Amino acid sequence: MNPALDAPAAHLVQVAVSTPAHSAVGDLLSYANPLPLAPGTLVRVPLGTREVLGVVWDAADAGPTLPPGMAPRAIAGVLPGIAPLDAAWRRLVAFTARYYQRALGEVALAALPPQLRELTAEQLARRLRRPAPALPPLPQAGEDGGDAAVGDIKLSADQESVTAQINAHPGPFLLFGSTGSGKTEVYLRSVQQALAASPTAQALVMVPEINLTPQLEARFRARFAPLYGEGAVVSLHSGMTNPQRLKSWLAAHSGQARIVLGTRMAIFASLPGLALIVVDEEHDASYKQQEGARYSARDLALWRGRDRGARVILGSATPSLESWHASSPASEGGPGRYQRLEMPGRIGAAELPRLRLIDMGQQPRGAVFAPPLVAAITERVERGEQCLVLLNRRGFAPVLHCHACGWKSDCPHCSAHQVFHKIDRTLRCHHCGAAQRVPRACPGCGNPDIAPVGRGTEQLEEQLQQLLRNVITPERRAARVARIDADTTKAKGALEEQLAQVHAGAVDVLVGTQMVAKGHDFRRITLVAAVQPDGALFSSDFRAPERLFARRMQAAGRAGRDAHYLATQQSRPELWLQTWHPEHAIFAALRRHDYPAFAAGQLTERREAGMPPFAHQALVRADARTQEVAQAFMQAAAEAARAAQLPGSDQVFLFPPVPLAVQRVANVERAQMLLESPNRGALQRFLAAWQPLLHAERSRHKGLVRWLVDVDPQGI
Ligand code: ADP
Ligand code: ZN
Ligand code: ZN
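Q: Can you explain the overall build of the protein chain? Please cite residues and give values.
A: Scanning the protein chain from terminus to terminus reveals 20 helices and 28 strands. Against the compact-globule benchmark of 27 Å for 716 residues, the protein chain has a radius of gyration of 27 Å, which places it among compact chains. Summarising its shape, the C-alpha atoms of the protein chain cover approximately 90 × 70 × 55 Å along the three principal directions. Carbon and sulfur atoms make up 53% of the accessible area of the protein chain, which amounts to about 30,500 Å² in all. The positive charge centre, built from 78 side chains, and the negative charge centre, built from 65, are 3 Å apart in the protein chain.

Q: How would you summarise the coordination of the zinc ion (ligand 2) if you had to cite specific residues and measurements?
A: Angles between donor atoms at a metal ideally measure 109.5 degrees for a four-coordinate tetrahedral arrangement and either 90 or 180 degrees for a six-coordinate octahedral one. Donor atoms from the polypeptide that coordinate the zinc ion (ligand 2) comprise C402 (SG), C405 (SG), C442 (SG) and C445 (SG), at 2.3 to 2.4 Å from the metal. Relative to the metal, the four donor atoms surrounding the zinc ion (ligand 2) lie at angles of 102 to 115°, and the coordination shape comes out tetrahedral. Donor residues binding the zinc ion (ligand 2) come from one chain and are separated in sequence as C-x2-C-x36-C-x2-C. Of the two residues, C405 sits in the loop between strand 15 (399-402) and strand 16 (419-421) while C442 sits in the loop between strand 18 (435-437) and strand 19 (450-453), which places them 37 residues apart along the sequence.

Q: Which residues make up the site of ligand 1, and what values go with them?
A: In the vicinity of ligand 1 lie 18 residues, with K154, Q159, G180, D521 and R523 positioned nearest. One of the side-chain N or O atoms of R523 is found 2.7 Å from an oxygen atom in ligand 1. Within the complex, 83% of the 550 Å² of free accessible area of ligand 1 lies under protein. With three residues, the single largest contributor to the shell around ligand 1 is helix 7 (residues 183-197). Looking at the shell around ligand 1 residue by residue, the classes come out as three nonpolar, eight polar and seven charged.

Q: Can you tell me about helix 7, naming the residues and giving the values?
A: Helical geometry: 3.6 residues make up each α-helical turn, so side chains three or four residues apart lie on a common side. An ideal rise of 1.5 Å per residue puts 21 Å on 15 residues; helix 7 measures up with 21 Å between its terminal C-alpha atoms. Of all 15 residues making up helix 7, eleven are buried, and the element is well covered by its neighbours. Burial in helix 7 covers these residues: K183, T184, E185, V186, Y187, L188, R189, S190, V191, A194 and L195.

Q: Give me the pattern of salt bridges: which residues, what numbers.
A: In the structure shown here, the tally under the stated rule is 33 salt bridges. Linking D485 and R483 is a salt bridge whose minimum nitrogen-to-oxygen distance equals 3.0 Å. Of the two residues, D485 and R483, both sit in the buried class. Close ionic contact of R706 with D623 constitutes a salt bridge, the shortest N to O distance being 2.5 Å. Pair noted here: R706 is in strand 28 (residues 704-711) and D623 is in strand 24 (residues 616-624), with a separation of 83 residues, a long-range link. In this structure R706 comes out as partly exposed when scored by relative accessible area, which is 41%. Here D623 falls in the buried class, since its relative accessible area comes to 4%. By sharing partners, the salt bridges in this structure join R354, R356, E379, R380, R383, E385 and E574 into a single network.

Q: Could you give an account of the environment of P226, naming the residues involved and the relevant values?
A: Position of P226 among the secondary structure elements: in helix 8 (residues 213-228). Remark: the alpha-carbon pair of P226 and R90, spanning 136 residues in sequence, is separated by 33 Å.

Q: Before we move on, can you summarise unusual backbone geometry with the specific residues and values?
A: Residue P172 follows G171 across a cis peptide bond; omega there is -5°. Within the element layout of this structure, P172 appears in the loop between helix 6 (157-168) and strand 6 (173-177). P613 follows P612 through a cis peptide bond whose omega is 5°. Assignment of secondary structure puts P613 in the loop between helix 18 (595-609) and strand 24.

Q: I'd like a description of the confidence of the model for the protein chain, backed by residues and values.
A: Interpretation of the predicted coordinates at a detailed level should be avoided for regions scoring low in pLDDT. Counting all residues, the mean pLDDT for the protein chain is 89, and 92% of those residues have values of 70 or more. Within the model, pLDDT remains below 50 along residues 61-65, and this stretch shows seven contacts once partners closer than five positions in the same chain are excluded. A low-confidence stretch, residues 139-149 stays under pLDDT 50, and its non-local contacts, those more than four residues away or across chains, total 20 contacts.

Q: Give a description of the domain arrangement of the protein chain that names residues and reports values.
A: It is common to give the size of an interface as the accessible area lost on bringing the parts into contact. By the assigned domains, the protein chain splits into domain 1 (11-129), domain 2 (150-347), domain 3 (350-394 + 456-608), domain 4 (398-454) and domain 5 (616-711). For domain 4 and domain 5, the distance between their C-alpha centroids amounts to 35 Å. Each partner contributes residues to the interface: domain 4 has six residues there, and domain 5 has six residues. Between domain 4 and domain 5, the buried area comes to about 530 Å², and carbon and sulfur atoms account for 45% of it. Its largest share of buried area at the contact with domain 5, domain 4 owes to H413, S415 and H431, together 72% of the area lost on that side. At the surface where domain 4 touches domain 5, the tally comes to zero salt bridges. Taken together, the connections running from domain 4 to domain 5 amount to six residue pairs in polar contact (both at pLDDT 80 or more). The residue makeup of the side of domain 4 that touches domain 5, split by class, is three nonpolar, three polar and no charged.

Q: How would you explain the coordination of the zinc ion (ligand 3) if you had to name every residue and give the values?
A: Around the zinc ion (ligand 3), the protein contributes the donor atoms C411 (SG), C414 (SG), C429 (SG) and C432 (SG), at 2.3 Å from the metal centre. Because the angles between the four donor atoms bound to the zinc ion (ligand 3) fall within 106 to 113°, the donor set is best described as tetrahedral. Of note, the donors binding the zinc ion (ligand 3) are all from one chain and are spaced C-x2-C-x14-C-x2-C. Exposure remark for C411: the relative accessible area of 4% places this residue in the buried category. Among the residues examined, C414 registers a relative accessible area of 3% and is labelled buried.

Q: Give me empty space enclosed by the protein: which residues, what numbers.
A: Summed over the entire model, instances satisfying the criterion amount to three cavities of 30 Å³ or more. P353, R354, L355, M553, A556, L575, L590 and H593 together form the lining of the second largest cavity. Going through the elements one at a time, strand 13 (354-359) and helix 15 (544-556) are the ones with two or more residues in the lining of the second largest cavity. Each residue belonging to the lining of the second largest cavity can be placed in one class, and the counts come to six nonpolar, one polar and one charged.

Reading the values: rules and limits
- Residues numbered from 1 in each chain as written.
- Chains lettered and ligands numbered in written order.
- Predicted model: local features only at pLDDT ≥ 70, side-chain atom pairs only at ≥ 80, totals over all residues.
- Heavy atoms only, no water.
- Helix = DSSP H or I, 4+ residues; strand = E, 2+ residues; numbered from the N terminus.
- Rg over C-alpha atoms; globule rule 2.2 N^0.38 Å.
- Areas by Shrake-Rupley, 256 points an atom, 1.4 Å probe, with all protein chains shown as cover.
- Lys, Arg positive; Asp, Glu negative; His and termini not counted.
- Charge placed at Lys NZ, Arg CZ, Asp CG, Glu CD.
- Donors = N, O, S within 2.8 Å, 3.2 Å for Na, K, Ca; no water.
- Tetrahedral: all angles 85-135°; square planar, octahedral: opposite > 155°, others 65-115°.
- Near = heavy atom within 4 Å.
- Polar contact = N/O pair within 3.5 Å; in protein donor to acceptor, adjacent residues only side chain to side chain.
- Nonpolar A, V, L, I, M, F, W, Y, C, P; charged D, E, K, R; others polar.
- Expected span 1.5 Å × (residues − 1).
- Buried < 20%, exposed > 50% of the residue type's maximum accessible area, 1.4 Å probe, protein only.
- Salt bridge = Lys/Arg side-chain N within 4 Å of Asp/Glu carboxyl O.
- pLDDT = per-residue confidence, 0-100.
- Contact = heavy atoms within 4.5 Å.
- Domains from an automatic or database assignment.
- Buried area = accessible area lost by both parts, 1.4 Å probe.
- 1 Å grid on protein atoms, 1.4 Å probe; cavity = no way out; pocket = protein on both sides within 12 Å on 5 of 7 lines; lining within 4 Å.
- Points joined across faces, edges and corners; volume = space filled by probe spheres on them.

Structure below.
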């Protein structure tokens, strides 16, 4: 029974629904409803044998009544109690779908909280009435240096001038501020100004990592709850439960929440009063989504801000070269598209860490830690200071090796080694997850002597425990070493708890991966050491130097953040780097904390080589049973493009397909093809016209598992 058939004058409604990836079904489906529905209305509609969530979309030229002889299915119901999503939100979704070459419905539905899709109308109605699910307790603002009410903090001269400029100009802004220069305070003030300007104004503040949100949320809540109530600040990130996410989303959508804090997914929050967007650590690669629509939340923030007339502030101590270039002033011949604001000094005149470079060629063979570094750590722990040791590789050792026959712990499913985890005696593949017990003897020759090669965080922790076993802190207890990485923080809340231990001073030396190097406001850490091997210095990815520089500066940024604390200690903050290539140019710039010089050098190279930001790129990725099939698919698609003389093709260069660096994962072969163009518009026109050809090509290649397009890819 289709009620639409009975209704004499049903209205035709266009609805965005999520159809299977790359399906032939168009972006919008037509449904019937007795009454017209406003665009943005959330509805439940039949799709095949299921009933799914959909969003009513702007039907530019669909007539108000059904054309004769056609009987679209009827809309099953309207989601009760939720106002339609506004036109600005729909424009954002439509742009994202177009720019990143995905279906509109897929993007629209992925941008909504999962529970909207899952709950029935009755459950949802109940949820809307029910009081909020309890949120996990936040760290006390104040523990970390005392964030006080607005009136109590006197802005530094830099903060003062930057805040005034943000007020006086439309932006977008690139806030280039050293680690510890007080960027967060600038965000707080800017948010406050934006909210004060209108009772419906809202602000969106994004950070790269889930684990940075609790500390940030505490600061924002301490500042704004007294002004706008407890419900004024909400978070949105994937670490939340689905009910919490729904709750935050609804609060933002209804305008009740004035400030949304979140990770990249928060860029799609419905914010009818959006007046300001902050993107902290804007250079961070995690703003790029790596599945589905591969959007850049930073780039979308700029688009959304411009579209809405909202201010946008990008902040970083080591901006992406794209943003640095875009903000180079017109007076110096640059594009001057963003306004660059600088805060070179640290709060309270705290020193930036000094670089201590250790030439590993001069150290005892096989040493994990150079003796001078061990001495420096010991000294600091004895004075009650904390140290942070970074290595971006978890496990005990990246590979086990038999010296007798050459056997290595290769993953049977991937072109990668299985990593040795000593704690539970397993070999684990970090690509496909395959795990097994460590063999007692070499599977190749029976040699019982198989040895770990290289090092991971587990090994650093063990070594440091050994090296510091006789070191006593001023509190007359033995030095404590702790480790934080993806393995220690699997349980919910584990990371918060471990970080709290560090903040409370219960840990003297913290060993960790990149996840602890970003953004945390540690108060008593005065020494940071990176013991990474030098791989990144010689990587084939043209962004590798930029990444390495940013990571090292950010690591340094964890040391000596508290001028008061430093004043009571004898030591200066230091960044120690162990390297086999101390002469490498990157270290000279790091030593001077000279990002502008580093960026200038990199931009010159990129300009000469015609690389981003002076060119625009896209990747086609294909996964297949064999490497040949993956490459043949792309080759054929490229030839089809040439034959069809697609729009923009005279300005788009297609490189030949190549295998990925890790070529095989979980028994699937992976390849990619790079597209490059000096003209973003040409590349966009080309990609849009190419989509149907790629679809058509797909079915001709047996063994092709999946393919995708990545616009503005981050890793090449
Ligand atoms: P960034 O984000 O630039 O690395 P933060 O915003 O975390 O730096 O600021 C570093 C520290 O300085 C924080 O503990 C913050 O509370 C403190 N701080 C910031 N601005 C001021 C100020 N004007 N007066 C005193 N302390 C400040
Ligand atoms: Zn062997
Ligand atoms: Zn594997």
